[in-house]
Amino acid sequence: MIQRSVLFVCLGNICRSPLAEAALRAEAVAQGLALTIDSAGTSGVHAGEGADPRAIAEAKRHGIDLTTHRARAVSHDDFVHFGHIYALDHKNLRDLRAMAPGRSSAKLGLLLDTVPLRIGQAVIDPYYGDADGFARAWDDVAIAARHIVHRLMG
Ligand code: 4NP
């Protein structure tokens, strides 16, 4: 297992989990924490595609370039390589649990369970909504990133 490694998982790996990956990378750099960070989707239908243009625009508002992101599906090896795997919503977490191999050593959890005031909540899928949904998703992943870095440094 890669020490201090975090994988974010949503459905398509084009909206929420790429934003979570970018937010945690920025927070880890800001706090001087060495972390391996990646993201993936429970579905591979968008594999190889770039992030959703609305996610790219939201990241850009926060000074982050998301244009090099390429979507991929979760693999069995992810459950061995990553120390923590955070699902963006409850369905993603159920699907992750169902696909976890017996040799899985990763700690699986719901992303917003890392935020004391948001326990049990999902990062709402913004794919079928408007740009506001992406701004809300960013706010959610950014606060979770702060809590994850704080936990890992503590
Ligand atoms: P994501 O958003 O899981 O946050 O990347 C979605 C991306 C694609 C679809 C749904 C949600 N889709 O139905 O294709």
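Above this note sits the structure.
Cut-offs and rules
- Sequence order as written defines residue numbering, which begins from 1 separately in each chain.
- Only residues with pLDDT of 70 or above have their local features reported here, since the model is predicted, and side-chain atom pairs are shown and tallied only from 80 upward, although totals for entire chains, interfaces and linings are computed over all residues.
- The side-chain quantities take in all heavy atoms of the structure and omit both hydrogens and water.
- Here a residue is near a molecule or strand as soon as one of its heavy atoms is found within 4 Å of it.
- Polar contact is defined as a pair of N or O atoms within 3.5 Å, subject to the rule that within protein one atom must be able to donate a hydrogen and the other to accept it, and that residues adjacent in sequence are counted only when both atoms are side-chain atoms.
- Calculation of accessible area relied on Shrake-Rupley with a 1.4 Å probe; when residues are assessed, cover is drawn exclusively from the protein chains displayed.
- We call Asp, Glu, Lys and Arg charged. Ala, Val, Leu, Ile, Met, Phe, Trp, Tyr, Cys and Pro are nonpolar, and the rest, Gly among them, are polar.
- Any two strands with at least two DSSP-identified bridges between them are counted as paired.
- For the purposes of this entry, the term helix denotes a DSSP run of H or I that reaches at least four residues, the term strand denotes a run of E that reaches at least two, and both are numbered from the N terminus.
- Here an angle of 0 to 180 degrees is reported between the N-to-C directions of two axes, which are lines fitted to C-alpha atoms, with helices fitted over the stretch in contact.
- Residues count as neighbours in contact if any of their non-hydrogen atoms are within 4.5 Å of one another.

Q: Help me get a handle on the site of the ligand, residues and values and all.
A: Taken together, Cys10, Leu11, Gly12, Asn13, Ile14, Cys15, Arg16, His46, Asp125, Tyr127 and Tyr128 make up the full set of residues adjacent to the ligand. Residue Gly12 places a main-chain N or O atom 2.9 Å away from an oxygen atom belonging to the ligand. Backbone polar atom of Ile14 to an oxygen atom of the ligand: 3.0 Å apart, as the coordinates give it. Considering the ligand on its own, with 350 Å² of exposed area, one finds that the protein chains cover 90% of that surface. Of the residues contributing to the shell around the ligand, the split by class is six nonpolar, three polar and two charged.

Q: I'd like a description of the sheet that holds strand S3 (residues 84–87), backed by residues and values.
A: Think of a sheet as strands paired side by side through backbone hydrogen bonds, with each pair either parallel or antiparallel. Reading across from one edge, S2-S1-S3-S4 is the order of the four strands in this open sheet, with parallel pairing throughout. Each edge of the open sheet is held by one strand with a lone partner, namely strand S2 (36–41) and strand S4 (107–110). With direction set aside, neighbouring strand axes in the sheet form an average angle of 20°. Where S3 meets S4, four bridges bridge the pair, whose relative direction is parallel. For Ile85, the partnering residue across the bridge sits in S4 and is Leu108. Sitting on the sheet, helix H4 (residues 90–99) is in contact with strand S1 (5–10), S3 and S4, with an inclination near 160° to S4.

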